[in-house]
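Reading the structure
If you want the building blocks of each chain, they are given just below.
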Amino acid sequence: MTVATARDQPPSDELDEITLRRAQRGDEAACRALVERYQGPVFALISRMLGGPRGHRVEDVAQETFLHVFRNLGGFAPLGPARLSTWVLTIATRRAIDELRRPHLVAPPLLDEVVADRAPSAAERATVGQAVAQAVAALSPDHRAAFLLREVHGLEYAEIARALAVDVGTVKSRLARARTALRAALSEVHDG
C-alpha cells in the first residue's frame, strides 16, 4: 500500500491529473471539463481587466485564452513550477493586457467586488466602489494585472511574477503603486 503525498493530490480547485492528461491527448470530454473548471476564473479576470466599454471583448478574449491553452496544453508540465490554474490565468492575463494595449481602448471601471463590505451604507459603498474602480482603471495594464491577480484571484507573489514574466521585486513594486493609488482615491472619497 502506498500513501499519497500532498504533492500527488491536486488542490481541490485544480483539475485532476487524469483529466489533464486526457485533455493533453485531445479527449473531448476532458477538454470540456477543463473549460468548465476554469471558465469562471478566466471570465472574472478578463471582465475585471477589460470591463466597461470593452465588455463586448470579454468573451472574445476568453475564447482566445482557451484556444491558446489548448494549442499549448501538451507542453504544460503538471509537476512543473506552476499550477494549471496559474498557467491558465497567466494566459488570460497576457491576452487581456494585449487587448488593453490596443490604442483605441480606454481604461475600464472595476466591479464593486473589490470594495470591502465594511462601508456603512449602500450609497457609501457605491461611492467607494466607484472610486476604487476608477483608481484601478487608471493603473497601467501591468499594474492592474498584478493587483487583480493578487487581490482578487489570490495568487502568491512568485506566481504573479511567473504569470507576468517579471521578477518578484517588480511585482511588489507594481502592487505598492496600485495600493498607493487606491489609498489616494479612497482618501479623496473619505475627505470629500
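So, here's what we can say about the structure. Owing to the predicted nature of the structure, the values given are computational and were not obtained by experimental measurement. (Residues numbered from 1 in each chain as written. Predicted model: local features only at pLDDT ≥ 70, side-chain atom pairs only at ≥ 80, totals over all residues. Heavy atoms only, no water.)

This paragraph deals with the overall build of the chain. Secondary structure assignment for the chain yields 8 helices and 0 strands. Counting helices and strands in the order they occur from the N terminus, the chain gives α-α-α-α-α-α-α-α. Once local pairs closer than 6 in sequence are excluded, the contacts in the chain between residues at least 24 apart make up 66%. Carbon and sulfur atoms make up 53% of the accessible area of the chain, which totals about 10,600 Å². (Helix = DSSP H or I, 4+ residues; strand = E, 2+ residues; numbered from the N terminus. Contact = heavy atoms within 4.5 Å. Areas by Shrake-Rupley, 256 points an atom, 1.4 Å probe, with all protein chains shown as cover.)

So, on to the environment of Glu159. By the element assignment, Glu159 lies in helix α7 (residues 157–164). Spatially, the C-alpha atoms of Glu159 and Leu149 are 9.0 Å apart, while their sequence positions differ by 10 residues. For Glu159, the residues in contact, after removing those within four places along its chain, are Arg83 and Thr86.

In this section: the nonpolar core. Side chains of a nonpolar character, in soluble globular proteins, are inclined to be buried together. Leu34, Leu73 and Leu84 are the most contacted members of the largest nonpolar core, which totals 45 residues. Those elements that place two or more of their residues in this core are α1 (17–24), α2 (28–50), α3 (58–72), α4 (84–100), α5 (122–138), α6 (141–152), α7 and α8 (168–191). Not counting the four nearest positions on each side in its chain, Leu84 is found in contact with Glu14, Leu15, Leu20, Leu34, Tyr38, Leu73 and Phe76. (Core = buried A, V, L, I, M, F, W, Y, C linked by side-chain atoms within 4.5 Å. Buried < 20%, exposed > 50% of the residue type's maximum accessible area, 1.4 Å probe, protein only.)

Following the sequence through the fold, Leu182 ends up in helix α8. Judged by its relative accessible area of 11%, Leu182 is buried. Considering only alpha carbons, one finds Leu182 and Val136, 46 residues apart in sequence, at a separation of 7.1 Å.

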